[in-house]
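# Structural overview
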Number of protein chains: 2
Amino acid sequence: MAVRELINGQAGATLSSRDRGLLYGDGLFETVRVVGGVAPLWPHHMARLAEGCARLGLPAPDPRLLATELQAVASGMEAAVVRITVTRGEGARGYAPPAIQQPTRIVAAFPMPPLDARAASEGIRVRVCALRLAEQPRLAGLKHLNRLEQVLARAEWNDPAIAEGLLLDGAGRVICATMANVFAVIDGALVTPALERCGVAGVARAEVLATQVRAQVRDLRLDELLDASEVFLTSSVRGILPVQAVGDKVFAPGPVTRALQQHWRDLGFPLEQA
Amino acid sequence: MAVRELINGQAGATLSSRDRGLLYGDGLFETVRVVGGVAPLWPHHMARLAEGCARLGLPAPDPRLLATELQAVASGMEAAVVRITVTRGEGARGYAPPAIQQPTRIVAAFPMPPLDARAASEGIRVRVCALRLAEQPRLAGLKHLNRLEQVLARAEWNDPAIAEGLLLDGAGRVICATMANVFAVIDGALVTPALERCGVAGVARAEVLATQVRAQVRDLRLDELLDASEVFLTSSVRGILPVQAVGDKVFAPGPVTRALQQHWRDLGFPLEQA
């Protein structure tokens, strides 16, 4: 049977209960969609991981090593999601990072979840979560392992007809969804929330911003979003998802959304199947 | 050799890399000081753990089972620190808690770190951290596994003469230290910060509040703290620690601090040795 998980380069699926990733959530992760052995958003993943390591004071793993390990665990899978986790490893008890850091590196492949063709064509239904994201500029933008806010927000609903939840900050600004970033077309301009205070800066968001150079990255109020002509979510796994409704407010997928879905196909991502 | 760690009741020191404790920091912990097989603050630990489980929607472990496992791992140790970790266990990928939750329970004993007799008699030096705690009422007070703020704050200094760092919130209110709670005597009244927005509600703090029924739990500005007649920290492991200095401001251990140190001795905790 193929090895689907490597921990520090060794086949395995367990780690020390003294790893700081478990003790304190002291680490970062990436969720990489792989199609036929290719990860089209790889440079964005590696850029974010490097920035996260720098900001947390972690030695960054070698991207070439990670690429080799990704290929190994996804070998033979036509469609996979590879989770890369980097923690600060083990150390003495207490919060102080150890003087000599030996990070733990986990690279694990999962089957690609099935994509809903109707979601790509007609859009998804979204709710507004009651939980408000806390503002922590030191961690904002990073895909770190402290994700209790997302867990609590995602636990707010279990209606399978609702695909995602929008997260606002304490001031009522729209920040992101529990597992995706959000874009809106407002007065003809593409807008996505600034993420200096909270939120995760997704790699699919980075790709959209790289292709839409006039897009605005700024604070976005919920009432502005609800007045937008198009709303869509971006996800490394699920791609470009038109939003059909936020609560009672209904949207139709528009031309900006459709153009970006085509861009995703051009990158090599099938939108409607695994 | 004695078993010093139990994971779901089995001797072991590893857990699945798919445990939500690692993936998302989805869990809680307690750090229990044990002296000669006795954990004097046990009821406070169990009360906080139960509250945390309720607020995170986790099934709470049976306190009698935890007590049995604590006795097992600390067996034969005159002075130990037992860390109890409870996570949401494994589940399908994604933030949504699994429909059927099978929590992971880790009970691990460590040698009690040496206590500094001078710290107990003369006090410790404390700094004010640059990192500001984010305000998240849904998680405030809990000893959950999302501790990156404490890791970053503790990484701000490595001068061994500085024992702790005070953490403020974004509005400049004093909240706690990286691993301890803070009390001040102001105009003759004992004051400790309210923890509805952020911070960890420590079990030693709970014991102080249980014995000092007139203590005030309220917002506390840094300038008020610096004008206090006494300042001390409370920790489940280190007990009552007089603060000798916050930055340049010097304090002398006073009668409230000394009375609480005596209370700690009466509970069975040696203050000056392991």
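Bear in mind the structure is a predicted one, so any value in this text is a computation, not a measurement.

### Focus: the sheet that holds strand S1 (residues 5–7) of chain B
Residues and elements named next belong to chain B. Spatial ordering of the open sheet is given by S2-S1-S6-S5-S4, a layout of five strands whose pairing is antiparallel. The outermost strands of the open sheet, each flanked by one partner alone, are strand S2 (10–11) and strand S4 (27–35). Here strand S5 (residues 79–87) pairs with strand S6 (residues 104–111) via eight bridges, running antiparallel. Among the inter-strand pairings, Ile84 is bridged to a residue of S6, identified as Val107.

### So, the domain arrangement of chain A
All names here are of chain A. Here chain A is partitioned into domain 1 (5–111) and domain 2 (117–267). At the interface, 22 residues of domain 1 touch 22 residues of domain 2. Summed over both partners, the interface of domain 1 with domain 2 comes to about 1800 Å²; 64% of that surface belongs to carbon and sulfur atoms. Linking domain 1 with domain 2 are zero salt bridges. Counting across the domain 1 and domain 2 interface gives 11 residue pairs in polar contact (both at pLDDT 80 or more). For the side of domain 1 that touches domain 2, the secondary-structure elements that each account for two or more residues are helix H1 (20–24), strand S4 (27–35), helix H2 (42–56) and strand S5 (79–87). Of the residues in the side of domain 1 that touches domain 2, the class split is seven nonpolar, nine polar and six charged.

### Digging into the interface of chain B and chain A
Each side of the interface is counted separately: chain B has 56 residues, and chain A has 56 residues. The junction of chain B with chain A conceals about 4500 Å² of combined surface from both sides, 64% of it contributed by carbon and sulfur atoms. Linking chain B to chain A there are two salt bridges. In this structure, Arg18(A) engages Glu5(B) in a salt bridge whose closest nitrogen and oxygen atoms are separated by 3.2 Å. Linking chain B to chain A there are 21 residue pairs in polar contact (both at pLDDT 80 or more). If you tally residues by element for the side of chain B that touches chain A, the top one is helix H5 (residues 148–154) of chain B, at six residues. Grouping the amino acids of the side of chain B that touches chain A by side-chain chemistry returns 26 nonpolar, 14 polar and 16 charged. In this structure, strand S3 (residues 14–16) of chain A lies alongside strand S3 (residues 14–16) of chain B, joined through three bridges in antiparallel fashion. Across the sheet, residue Leu15(A) finds its bridge partner in S3(B), namely Leu15(B).

### Topic: the relation of the copies chain B and chain A
Of the transformation placing chain B onto chain A, the axial shift is 0.0 Å and the rotation is 180°, giving an RMSD of 0.0 Å. Classification of the inter-copy transformation places it as that of a two-fold axis. Comparing interface residues between copies, 100% of those in chain B also sit at the interface in chain A, which points to an isologous, same-surface contact.

### Comments concerning the packing of H2(A) against helix H3 (residues 63–73) of chain A
Residue and element names in this part refer to chain A. Across the interface, H2 lies against H3 with an axial gap of 11 Å and an inter-helix angle of 130°. For the element pair H2 / H3, the angle class is oblique. In the crossing of H2 with H3, the sense of the turn from one axis to the other is right-handed. Residues Trp42, Met46 and Leu49 of H2 pack against Pro63, Leu66, Ala67 and Leu70 of H3. Residues belonging to the contact of H2 with H3 are distributed by class as follows: seven nonpolar, no polar and no charged.

Criteria and thresholds
Residues numbered from 1 in each chain as written. Chains lettered and ligands numbered in written order. Predicted model: local features only at pLDDT ≥ 70, side-chain atom pairs only at ≥ 80, totals over all residues. Heavy atoms only, no water. Pairing = 2+ DSSP bridges. Helix = DSSP H or I, 4+ residues; strand = E, 2+ residues; numbered from the N terminus. Domains from an automatic or database assignment. Contact = heavy atoms within 4.5 Å. Buried area = accessible area lost by both parts, 1.4 Å probe. Salt bridge = Lys/Arg side-chain N within 4 Å of Asp/Glu carboxyl O. Polar contact = N/O pair within 3.5 Å; in protein donor to acceptor, adjacent residues only side chain to side chain. Nonpolar A, V, L, I, M, F, W, Y, C, P; charged D, E, K, R; others polar. Least-squares fit on C-alpha atoms with pLDDT ≥ 70 in both. Axes fitted to C-alpha atoms, helices over the stretch in contact; angles between N-to-C directions. Parallel < 35°, antiparallel > 145°, perpendicular 65-115°, else oblique. Left-handed = near helix turned anticlockwise from the far one by under 90°.

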